[in-house]
Amino acid sequence: MAGFGKPGPYFEDLLPAMAEKLGGDGLMRELCNGFKLLMDKDKGVITVESLKMNAATLGLQDLRDDELVSMVREGDLDGDGALSEMEFCVLMVRLSPGLMQESQLLLEEILEDELDTAGF
């Protein structure tokens, strides 16, 4: 992850294309497969150590230790120092600007339909 004023590594956001091609269920299956590639097999979570060991699988072998720590911290919702499968999937969606924008548009559309149905 980038520090203040420092550009971070560039990652192409492929999640929207994957979601369109695979659908929601298919995308979640692929995210879960990605989680399994990166997780510590004994602990069942992604740790900084497991991320470092498996980073080359995703082309992330050049990331520094502090960047890997930041990646885990960014998604660690329960503060245990690791990423569960749910935390990993939430993080991947949150970090996808395209998916977040599509989600917001979908939510607005649903709310609009609900208001129309309720007579507002």
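See the structure shown above.
So, here's what we can say about the structure. Note that the structure is predicted; figures quoted are calculated from it, not measured.

1. Topic: the environment of Glu 67
Here is step 1 of the chain: The topology assignment puts Glu 67 in helix H3 (residues 65–75).
Here is step 2 of the chain: C-alpha of Glu 67 to C-alpha of Val 48: the two residues are 19 residues apart in sequence and 9.7 Å apart in space.
Here is step 3 of the chain: A polar contact of 2.8 Å, which involves the side chain of Glu 67, links it to the backbone nitrogen of Arg 64.

2. A closer look at a negative patch on the surface
Here is step 1 of the chain: Taken together, Glu 112, Asp 113, Glu 114 and Asp 116 make up a surface patch of like negative charges.
Here is step 2 of the chain: Inspection of the secondary structure puts Glu 112 in helix H5 (residues 97–117).

3. Some points on the packing of aromatic side chains
Here is step 1 of the chain: On inspection of all chains with the given rule, the structure shows one aromatic pair.
Here is step 2 of the chain: With centroids separated by 6.0 Å and ring planes inclined at 55°, the aromatic side chains of Phe 35 and Phe 88 adopt a geometry described as tilted. Of this pair, Phe 35 sits in helix H1 (residues 15–38) while Phe 88 sits in helix H4 (residues 85–94); the two residues are 53 residues apart in sequence, bridging distant segments of the chain. An identical accessibility class is assigned to Phe 35 and Phe 88; each is buried.

4. A short note on the side chain of Asp 76
Here is step 1 of the chain: Tracing the sequence through the fold places Asp 76 in the loop between H3 and H4.
Here is step 2 of the chain: Nearest to the buried, unbridged Asp 76 among oppositely charged side chains is Arg 73, at 7.4 Å.
Here is step 3 of the chain: Reaching out from Asp 76, the side chain makes a polar contact with the backbone nitrogen of Gly 79 at a distance of 3.0 Å.
Here is step 4 of the chain: Discounting chain neighbours no more than four positions away, the residues touching Asp 76 are Gly 81, Ala 82, Leu 83 and Glu 87.

5. Looking at the pattern of salt bridges
Opposite charge on two side chains permits pairing when their charged atoms draw close.
Here is step 1 of the chain: Taken as a whole and assessed by the stated rule, the structure comprises three salt bridges.
Here is step 2 of the chain: Here Asp 65 makes a salt bridge to Lys 52, at a shortest N to O gap of 3.0 Å. Of this pair, Asp 65 sits in helix H3 while Lys 52 is found in helix H2 (residues 48–54), placing the two residues 13 residues apart along the sequence.
Here is step 3 of the chain: The class of Asp 65 is partly exposed, set by a relative accessible area of 43%.
Here is step 4 of the chain: We note a salt bridge from Glu 67 to Arg 64, for which the minimum N-O separation is 3.6 Å.
Here is step 5 of the chain: Overall, Glu 67 belongs to the buried group, its relative accessible area being 8%.
Here is step 6 of the chain: Within this structure, Arg 64, Asp 66 and Glu 67 form a network of salt bridges that share partners.

What counts, and where the lines are drawn
Residues numbered from 1 in each chain as written. Predicted model: local features only at pLDDT ≥ 70, side-chain atom pairs only at ≥ 80, totals over all residues. Heavy atoms only, no water. Helix = DSSP H or I, 4+ residues; strand = E, 2+ residues; numbered from the N terminus. Polar contact = N/O pair within 3.5 Å; in protein donor to acceptor, adjacent residues only side chain to side chain. Patch = residues over 30% accessible without salt bridge, like charges linked within 9 Å, V, L, I, M, F, W, Y side chains within 5 Å. Areas by Shrake-Rupley, 256 points an atom, 1.4 Å probe, with all protein chains shown as cover. Salt bridge = Lys/Arg side-chain N within 4 Å of Asp/Glu carboxyl O. Lys, Arg positive; Asp, Glu negative; His and termini not counted. Charge placed at Lys NZ, Arg CZ, Asp CG, Glu CD. Phe/Tyr/Trp six-rings, centres within 6.5 Å; stacked < 30°, edge-to-face > 60°. Buried < 20%, exposed > 50% of the residue type's maximum accessible area, 1.4 Å probe, protein only. Contact = heavy atoms within 4.5 Å.

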